[in-house]
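Structure assessment
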Amino acid sequence: MSEANTSPNPLPYAGIRVVEFTHMVMGPTCGLLLADLGAEVIKVEPIEGDNTRRLLGSGSGFFPTFNRNKKSIALDLKKPEGVEAALRLIATADIVSENFKPGTMKKLGLDYDTLVKLNPRLIYVSHKGFLPGPYDHRTALDEVVQMMGGLAYMTGRSGDPLRAGTSVNDIMGGMFGAIGAMAALRQRDLTGKGCEVQSALFENNVFLVAQHMMQFAATGKAADPMPSRISAWAVYDVFTVKDGEQIFLAAVSDKQWAIFCKAFGLEEMLADPRLKTNNDRVLARDWMMPILRSHLAGRSAAELSAVFEKNELPFAPITKPQDLFDDPHLNATGGLAPVRMNDGSTAKVPLMPFTLDGERPGIRLQPPHIGEHSRELLKEVGYSDAEIAALKTHHITLGD
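Here is a short report on the structure shown in this document.

Rules and cut-offs
Residues numbered from 1 in each chain as written. Predicted model: local features only at pLDDT ≥ 70, side-chain atom pairs only at ≥ 80, totals over all residues. Heavy atoms only, no water. Helix = DSSP H or I, 4+ residues; strand = E, 2+ residues; numbered from the N terminus. Buried < 20%, exposed > 50% of the residue type's maximum accessible area, 1.4 Å probe, protein only. Polar contact = N/O pair within 3.5 Å; in protein donor to acceptor, adjacent residues only side chain to side chain. Contact = heavy atoms within 4.5 Å. Arc of directions from axis to C-beta.

1. Focus on the side chain of D76
Residue placement: D76 occurs in the loop between β3 (70-75) and α3 (80-90). Given a relative accessible area of 16%, D76 falls into the buried group. Within the local environment of D76, its side chain forms a polar contact with the backbone nitrogen of K78, the two atoms lying 2.9 Å apart. Discounting chain neighbours no more than four positions away, the residues touching D76 are I47, G82, V83, H395 and I396.

So this is what it looks like as structure tokens:
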């Protein structure tokens with residue numbers, strides 16, 4: 001199922017080696033981004049494998065989503081021989097990435113202060129709950145920082161804070177870790193020295209809600225939660241239509257309002273002086289929206305979609321995640337690629353949301369089996385067959 005890079009140009013981070021000590025979502029996202037862009041990413045897993053491989057429910061898709069294009073080596077880092085093997089790998093690396101709780105890597109002797117003495121060119125990326133400061137001792141989760149960082153307040157209805165429906169801080173925190181690593185690589189080109197990069201869930205969340213903070217700074221008025229906010233646009237809503245279907249419809253300018261009214265036979269509303277400008281219509285929403293909802297209620301979502309698309313008006317069906325596997329745009333543009341799931345079956349996974357020379361970075365390596373590349377990597381850093389066999393016998397490594 002692997003896909004070769006079909007571009008005539010090498011991927012931008014080809015030749016860069018990353019050794020990652022990561023689990024769950026945040027750290028693996030950083031490695032995923034670098035791996036998709038051509039880096040050789042080596043995932044150091046415990047002998048029993050990354051726990052993400054065994055998660056149920058909302059975590060059951062984590063491993064195949066965030067671990068393609070990576071190699072796996074299984075090492076028992078609780079034993080000195082396992083740490084020694086990790087150090088030999090790190091000696092060949094440009095980047096080390098980790099997202100364990102504070103203090104874990106230091107106990108193993110794999111922290112930045114230790115490793116930079118061995119290799120001043122090393123770039124070390126730490127993904128944590130908080131950047132260093134009064135909160136850095138706390139245990140953080142995506143949900144924790146959404147609650148304390150204003151995002152849950154903005155997402156839910158008033159008095160009912162609600163986390164966003166995906167791991168927004170974990171994923172973006174990993175992305176910012178990767179961006180930091182990219183910046184550090186460029187800085188190393190200029191200075192000859194590596195550095196430590198830190199990315200954190202809480203600070204990422206605050207960056208996400210900065211627009212609402214600055215709304216208060218600009219207006220002196222606190223931002224209302226999104227479900228109860230006063231929208232900047234008059235028509236910018238989910239409509240319930242024929243057979244109980246739902247669809248999001250919008251008209252965000254005076255020109256779009258005119259097109260909307262003409263398309264649906266609402267000439268009287270178009271001529272109403274009380275609805276002349278967008279701001280007029282925002283102030284008139286209490287009586288205007290019930291009229292629009294009633295007028296559109298008998299039409300199907302498909303019919304409304306066709307009219308809105310024909311007239312270049314914004315619209316969106318209310319889609320469930322599983323429906324995206326069959327999305328015609330994603331399938332036509334190569335936005336989904338075959339990936340191996342934890343049970344060995346095949347599904348389609350979204351690729352990076354950008355192109356290089358018109359192509360999406362693809363899947364070169366399927367998500368690895370536990371320790372799939374242990375022997376290959378250990379031999380590369382100087383272990384003999386006999387030494388590798390001894391490591392396996394003592395359960396310090398795993399793999400063919």
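2. Description of helix α9 (residues 201-208)
Listed as buried for α9 are L201, F202, N204 and N205. Viewed along the axis of α9, the buried residues span an arc of 160 degrees, placing them on a single side of the element. Where α9 is buried, its residues contact α1 (26-36), β5 (123-128), α6 (142-148), α7 (151-155), α8 (168-191) and β6 (196-200).

3. So, the environment of P353
Mapping P353 onto the fold places it in the loop between β11 (346-350) and α17 (374-380). Judged by relative accessible area, P353 falls into the exposed class, the value being 73%. Considered as a pair, P353 and G335 are 18 residues apart in the sequence and their alpha carbons are 7.8 Å apart.

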